[in-house]
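# Chains, contacts and geometry: an overview
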Amino acid sequence: MSSPEDRKIDVSMDMGKGEGDAPARPNPPPPPPKADPTASSSQEAAQATGKGLDIGTANLLSATQSPDGQTIIKVQRNAFIDIDSDDFTRNMLTKLNIQYVLVSNRMLVIGDPAFDLANVLNKETRRPMQHGLISPNEVDALPIEKLLLESVLGTPQVENEVVYFSVPAEPIDSEANVIYHKGLFEGILKKMGYNGKSLLEGHAVVFAEMAEQDFTGIGISCGGGMFNICVSYKTIPCLSFSTSRGGDWIDENVAKVLGIKSSRATALKEKGVDITNAKNREEEAIEIYYRNLINYTLVNIKQRFESSEGMPNFPDPVDIVLAGGTSMIGGFTETVRDELKSLEFPIPIREVRRAEDPLTSVCRGALVAAVSEE
Ligand SMILES: Nc1ncnc2c1ncn2[C@@H]1O[C@H](COP(=O)(O)OP(=O)(O)OP(=O)(O)O)[C@@H](O)[C@H]1O
Ligand SMILES: [Mg+2]
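Residues numbered from 1 in each chain as written. Chains lettered and ligands numbered in written order. Predicted model: local features only at pLDDT ≥ 70, side-chain atom pairs only at ≥ 80, totals over all residues.

## Observations concerning the overall build of the protein chain
How we decide: Only DSSP runs of H or I covering at least 4 residues are called helices, and only runs of E covering at least 2 are called strands; the numbering of each starts at the N terminus. With C-beta atoms placed from the backbone, a residue is labelled by how many other C-beta atoms lie within 10 Å of its own: buried for 20 or more, exposed for 12 or fewer, partly exposed between the two.
When helices and strands are tallied, the protein chain shows 11 helices and 15 strands. By residue count, 42% of the 374 residues in the protein chain fall in the buried class.

Written out as structure tokens, the structure reads:
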């Protein structure tokens, strides 16, 4: 068994440059990825650079392209746990083969192993992010995010390698500020030797899932902390916003009405419920909040599209693509179709579909943007 390596971490961060420096949209909008790169020599192939990064409340994911054109995904839970450093815990972690880092005489375990350890110790994990953004209540959030990014991204393949990272669109129902969050991550990536560029999370879904529709349609990322919506016209995001209601919002509300813990509600929700066929009181509560959330999202798209100026005409019907962990519940797509029927939607819809791999859609879309630019 290999013993965990004590590592000194650098907790000082460069701040990002802030508003005005980072483009609100990737510029120029990336064209479709080349599924089969024409680079023929192995030297050229090995130089395929550019990475995609999904910075989510629940999960952090990276996507890179191997020399033979395969997409490689790495995932870590966006969570950590800290314990007092003493000989007993040190030995226990060594026995369990759990890696840790020492910060100010505390032992920090990050990512997936933090969940295993939380179970062993009967403690809750801590979360560096809340509602899609860096958490204001978590003082250790930044150094933890840096460690987690190092774990999923690794070192740059070339100096200043481009990484497109997902950011939420401006929320419509909270005061949260995306500029600070974006600047922080630009700073962490710069410190790691990357050229970090932000990409709206809903826009990333369009890049990943709508190449065949000329990147025209509606991408919705249904996450843990929020929903991110992007209406795209030929790669250009013409309407984007986020709501601070996502999987966590469902869990909190279901927990309240059933008088149970939020973590129990999460487990109930993820165990294989079909919201078109609720079988008991718990499942009915889940269905009610899901339906409400879907209606809330669609009504907001309709209202914002109708009240915004300069929206393009969509002469042909477009698709709605659903991604993110919250879209994985049984009956989600059907319920979206159902709720859509009750609205006079301003854009003609051809099809509502779920991404083939909803959890990796955002990081794959970010990779499309990075590879196109590199
Ligand atoms: N099978 C499932 N059924 C229902 N919900 C699920 C399932 N699997 C995961 N989830 C939920 O998906 C959410 C996490 O999704 P995802 O990883 O897309 O979020 P995120 O990108 O980290 O968050 P955000 O984009 O909001 O910052 C959690 O609320 C989780 O409970
Ligand atoms: Mg997400």
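From this point, the discussion proceeds with the structure in view.
## Comments concerning the site of ligand 1
Quick note on the threshold: We call a residue near a molecule or strand when its C-beta atom, built from the backbone, sits within 6 Å of it. Any residue outside Ala, Val, Leu, Ile, Met, Phe, Trp, Tyr, Cys, Pro, Asp, Glu, Lys and Arg is labelled polar, Gly included; the first ten of those are nonpolar and the last four are charged.
Looking at ligand 1, there are 22 residues lining it, with G56, A58, G223, G247 and G325 nearest. The set of elements that each furnish at least two residues to the shell around ligand 1 consists of α7 (247–258) and α8 (262–270). The residue makeup of the shell around ligand 1, split by class, is five nonpolar, 14 polar and three charged.

## So, the pairing of strand β10 (residues 194–200)
Put simply, the rule reads: Strands pair, by our definition, only if DSSP identifies at least two bridges between them. A crossover gets the label right-handed when its path from the first strand over the helix to the second runs clockwise, viewed with the strands pointing away from the viewer.
Burial analysis of β10 places six of its seven residues in the buried class, which makes it a mostly covered element. Two strands pair when backbone bridges link them, and strand β9 (residues 161–167) and β10 are joined in this way by seven bridges, in the parallel orientation. When the bridges of β10 are listed, S166 appears paired with L199. The handedness of the β9 to β10 crossover, carried by helix α5 (residues 178–191), is right-handed.

## Quick look at the pairing of strand β15 (residues 349–354)
Pairing of strand β14 (residues 318–323) with β15 involves five bridges; the strand directions are parallel. In the strand pairing of β15, I320 is matched with V352. Assessed by its sense of winding, the connection that carries the chain from β14 through helix α10 (residues 332–341) to β15 is right-handed.

## Regarding the packing of helix α6 (residues 201–209) against helix α11 (residues 361–373)
What counts is decided by this rule: Inter-axis angles, ranging from 0 to 180 degrees, are taken between N-to-C directions of lines fitted to C-alpha atoms, where helices are fitted over the stretch in contact. An angle below 35 degrees is treated as roughly parallel, one above 145 as roughly antiparallel, one from 65 to 115 as roughly perpendicular, and anything else as oblique. Here, residue contact means that the backbone-derived C-beta atoms of the two residues sit within 7 Å.
Where α6 contacts α11, the two axes come as close as 7 Å, and the packing angle between them is 75°. It follows that α6 is roughly perpendicular to α11 by the angle criterion. Residues E201, A204, V205, V206, F207, A208 and E209 of α6 pack against S361, V362, R364, G365, A366, V368 and A369 of α11. Counted by class, the contact of α6 with α11 contains nine nonpolar, two polar and three charged residues.

## Considering the sheet that holds strand β4 (residues 80–84)
In spatial order, the strands read β4-β6-β5; together these three strands make up an open sheet with antiparallel pairing. Where the open sheet ends on each side, the last strands, each with one partner, are β4 and β5 (101–103). Sheet twist, expressed as the mean angle between neighbouring strand axes with direction ignored, is 35°. By the bridge criterion, five bridges tie β4 to strand β6 (residues 106–110) in an arrangement that is antiparallel.

## A few points about unusual backbone geometry
Here the phi dihedral of H131 falls at roughly 45°; this positive angle occurs in a residue that is not glycine. Within the secondary structure layout, H131 lies in the loop between β7 (129–130) and β8 (133–134). The backbone phi angle of T235 is positive, close to 75°, even though this residue is not glycine. Residue classification places T235 among the buried positions, given that 21 C-beta atoms sit within 10 Å.

## Notes on α6
Most of α6 sits inside the fold, with nine of its nine residues counted as buried. Listed in full, the buried residues belonging to α6 are E201, G202, H203, A204, V205, V206, F207, A208 and E209.

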